[in-house]
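One-letter residues, chain by chain:
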Amino acid sequence: QVQLVESGGGLVQPGGSLRLSCVASGTIYNIYNMGWYRQAPGKQRAMVATVTSSGNINYADSVKGRFTISNDNAKNTVYLQMNSLKPDDTAVYYCNAYHGLTISRARTYWGQGTQVTVSS
């Protein structure tokens, strides 16, 4: 079993920055990719950014140029540096990991979420 714990959320003014962290713990075999998703009130959960264990990165169009995802495979950790934050970025941010003994037996794990509020 794998547990994901996020940290770093909070209240920030428009134009500000936050850095989210997510650490995977438990019985770790292979983490094939990790990522960040967010869910705003009344909206579906949506992908923000993902990174594979080999370093391939994908961003949602709405955050390109403002957010940066990075990972530390040795620490089973993924980060999300969020700059130039906008009120529309307000949401609960969830960490996600695709993990398993082999890729054919991998499954998705979710963290409990961390609130990010962008407001003046």
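Everything below is about the structure shown above.
A quick note: this is a predicted structure, and the numbers were derived from the prediction, not measured. (Residues numbered from 1 in each chain as written. Predicted model: local features only at pLDDT ≥ 70, side-chain atom pairs only at ≥ 80, totals over all residues. Heavy atoms only, no water.)

Trainee: Requested: an account of the side chain of E6, with residues and values cited.
Mentor: On the secondary structure map, E6 appears in strand β1 (residues 2-7). Of the side chains with opposite charge, R45 comes closest to the buried, unpaired E6, at an N-O distance of 7.5 Å. A distance of 3.1 Å separates a polar atom in the side chain of E6 from the backbone nitrogen of Q112. Engagement of the side chain of E6 in a polar contact is seen with the backbone nitrogen of G113, the distance being 2.9 Å. Setting aside anything within four residues of it in sequence, one finds E6 in contact with S21, C22, W36, Y93, Y94, C95, G111, Q112, G113 and T114. (Helix = DSSP H or I, 4+ residues; strand = E, 2+ residues; numbered from the N terminus. Buried < 20%, exposed > 50% of the residue type's maximum accessible area, 1.4 Å probe, protein only. Lys, Arg positive; Asp, Glu negative; His and termini not counted. Salt bridge = Lys/Arg side-chain N within 4 Å of Asp/Glu carboxyl O. Polar contact = N/O pair within 3.5 Å; in protein donor to acceptor, adjacent residues only side chain to side chain. Contact = heavy atoms within 4.5 Å.)

Trainee: Tell me about the pairing of strand β5 (residues 46-52), and name the residues and values.
Mentor: With six bridges connecting them, strand β4 (residues 30-39) and β5 associate as antiparallel partners. Residue pairing in the sheet places G35 in a bridge with T50 of β5. Between β4 and β5, which pair antiparallel in sequence order, lie six residues; one of them, G42, sits at a positive phi of approximately 80°. Relative to strand β6 (residues 57-59), β5 runs antiparallel, the two sharing three bridges. (Pairing = 2+ DSSP bridges.)

Trainee: Describe the layout of surface pockets, naming the residues involved and giving the relevant values.
Mentor: Counted as a void, the largest pocket has a volume near 170 Å³. Elements represented by at least two residues in the lining of the largest pocket include exactly β4 and β5. The element best represented in the lining of the largest pocket is β5, accounting for three residues. The residue makeup of the lining of the largest pocket, split by class, is seven nonpolar, three polar and three charged. (1 Å grid on protein atoms, 1.4 Å probe; cavity = no way out; pocket = protein on both sides within 12 Å on 5 of 7 lines; lining within 4 Å. Points joined across faces, edges and corners; volume = space filled by probe spheres on them. Nonpolar A, V, L, I, M, F, W, Y, C, P; charged D, E, K, R; others polar.)

Trainee: Any details on the sheet that holds strand β3 (residues 18-26)? Residues and values, ideally.
Mentor: Taking strand neighbours across the sheet as the criterion, the four strands line up as β1-β3-β8-β7 in an open arrangement whose pairing is antiparallel. Edge positions in the open sheet fall to β1 and β7 (67-72), since each of these has one partner strand only. When strand polarity is set aside, the average angle formed by the axes of neighbouring strands in this sheet is 15°. Bridge count for β3 against strand β8 (residues 77-82) is six bridges, and the pairing is antiparallel. Looking at β8, one finds that S21 is bridged to Y79. (Axes fitted to C-alpha atoms, helices over the stretch in contact; angles between N-to-C directions.)

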